[in-house]
Amino acid sequence: MLGWMSRKEKRQYVWSTKWVRSCSRERPSPDPGALTALLRKRAPQAERIGFETGAMASWLWHELRRVDLPVVCIDARHAHAALSVRMNKSDRNDARGLAELVRVGWYREVKVKSEESQKIRAILIARSRLVAIRRDIENQVRSLIKEYGLLFPRAIGLKFRNQVCELLGEDHQLLGVIAPLLSIHEQICKQQSKFDDEVRQLTKSDETTRRLMTVPGVGVVTALAFRHTIDDPSRFRSASSVGAYLGLTPRRNQSGETDINGKISRWGDRLLRTYLYEAATVLLYRTKKWSSLKAWGMKLANRIGMRKAKVAIARKIAIVLHCIWVDGTSFDWGQAKEA
């Protein structure tokens, strides 16, 4: 593969991790030590080593960085768009294509999160899954006992289990079905409580997260999720880019006389996008104190509708959070103008 290149180009050649598999007759081990040894042997003067995003991309990036290898993580969607024009797909052809992309600089590098942010995001994701499971169990129990004409007001956690037990009593025919669900519900609530305590402690110990919580509608979980999903605010040229990064900006299809603005792209982190939408809902419905942000949101809701306004406010909250993070300030509530 290197025969068509000059000696200078060989020294500046950019390697791809897919080339490791195509160069070896035996399938190489995913162990970073084995990959490092093979790369040191076959490409000792490589200036950049590229690989696509994937499930193990973050782990591989950190491990190869520890041994001072110049690795570059490429957006898989961008790489797929460039490699799809090739007639035949193979590891060797993909490796050549990725290497050419990195060598000419026509690629989009992915910012790999720090190990600390990955750990905290794992906690937030696990907590979110437990909340979803708890909610599903509560809805299922309500549905089962409703068929027998048993209704009770909204409740969660221990209060929910107590109300269900009071309605069923000790001899109801659904008790054998509901009891296992309530047992699982109790264990999930205990584990969720442990995650909640850990999230509060992490938020309390971080000064940046505490300043993010000064924005109305933004609570502990939303602030911590924003802090460790963005990870590094300096990678955005402007605060307005954060909305597009989180998939809160509309898609656009423009060609010639056609110019269509569609729904939001929904790219980026889904969990943080959900939390920002919930923060916008809390700002509009539950926050009583006046602020320029809420006044702007209410005017927008009256003009375009509440549903679209929540998305716009979520995008605005993301921009405000980024500005607070970079400037080292707190939220400015503003002053109401006299009529």
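Throughout what follows, the structure given in this document is the object of discussion. Fair warning: this is a prediction, and the values are worked out from it, not measured in the lab.

## Topic: the pairing of strand S3 (residues 71-74)
Stage number 1. Side chains Val71 and Cys73 of S3 all project onto a buried face; the interleaved residues Val72 and Ile74 project onto the opposite face, where all are buried too.
Stage number 2. Here strand S2 (residues 49-52) pairs with S3 via four bridges, running parallel. Bridging from a neighbouring strand, isoleucine 49 pairs with valine 71 of S3.
Stage number 3. Traced from S2 through helix H4 (residues 57-66) to S3, the parallel crossover comes out right-handed.

## So, the pattern of salt bridges
Stage number 1. Overall, the coordinates contain 15 salt bridges when judged by the stated rule.
Stage number 2. Ionic pairing is found between glutamate 63 and arginine 66, a salt bridge with its closest N-O pair at 2.9 Å. Highlighted residues: glutamate 63 and arginine 66, both in helix H4, separated by three residues, approximately one helical turn.
Stage number 3. The partner of glutamate 138 in a salt bridge is arginine 134, and the shortest N-O contact between them spans 3.1 Å. With glutamate 138 and arginine 134 both in helix H7 (residues 115-146), this residue pair falls four residues apart, about one helical turn.
Stage number 4. Counted as one network, the salt bridges with shared partners bring together Glu63, Arg66 and Glu115.

## Observations concerning the packing of aromatic side chains
Stage number 1. Following the criterion strictly, the structure yields four aromatic pairs and no others.
Stage number 2. Here the aromatic rings of phenylalanine 152 and phenylalanine 160 are separated by 5.7 Å at their centres, their planes lie at 55°, and the arrangement is tilted.
Stage number 3. By relative accessible area, which is 12% here, phenylalanine 152 ends up buried.
Stage number 4. Its relative accessible area of 0% is what places phenylalanine 160 among the buried residues.
Stage number 5. Of note, arginine 77 hangs over the ring of tryptophan 267, and the distance from its end group to the ring centre comes to 3.8 Å.

## Overview of the side chain of serine 265
Stage number 1. Tracing the sequence through the fold places serine 265 in the loop between strand S5 (258-264) and helix H13 (270-285).
Stage number 2. For serine 265, a relative accessible area of 16% translates into the label buried.
Stage number 3. For serine 265, the contacting residues outside a window of four places in its chain are Gly247, Thr249 and Arg251.

Thresholds, definitions, all that
Residues numbered from 1 in each chain as written. Predicted model: local features only at pLDDT ≥ 70, side-chain atom pairs only at ≥ 80, totals over all residues. Heavy atoms only, no water. Buried < 20%, exposed > 50% of the residue type's maximum accessible area, 1.4 Å probe, protein only. Helix = DSSP H or I, 4+ residues; strand = E, 2+ residues; numbered from the N terminus. Pairing = 2+ DSSP bridges. Right-handed = clockwise from strand over helix to strand, strands pointing away. Salt bridge = Lys/Arg side-chain N within 4 Å of Asp/Glu carboxyl O. Phe/Tyr/Trp six-rings, centres within 6.5 Å; stacked < 30°, edge-to-face > 60°. Lys NZ or Arg CZ within 6 Å of the ring centre and 35° of its normal. Contact = heavy atoms within 4.5 Å.

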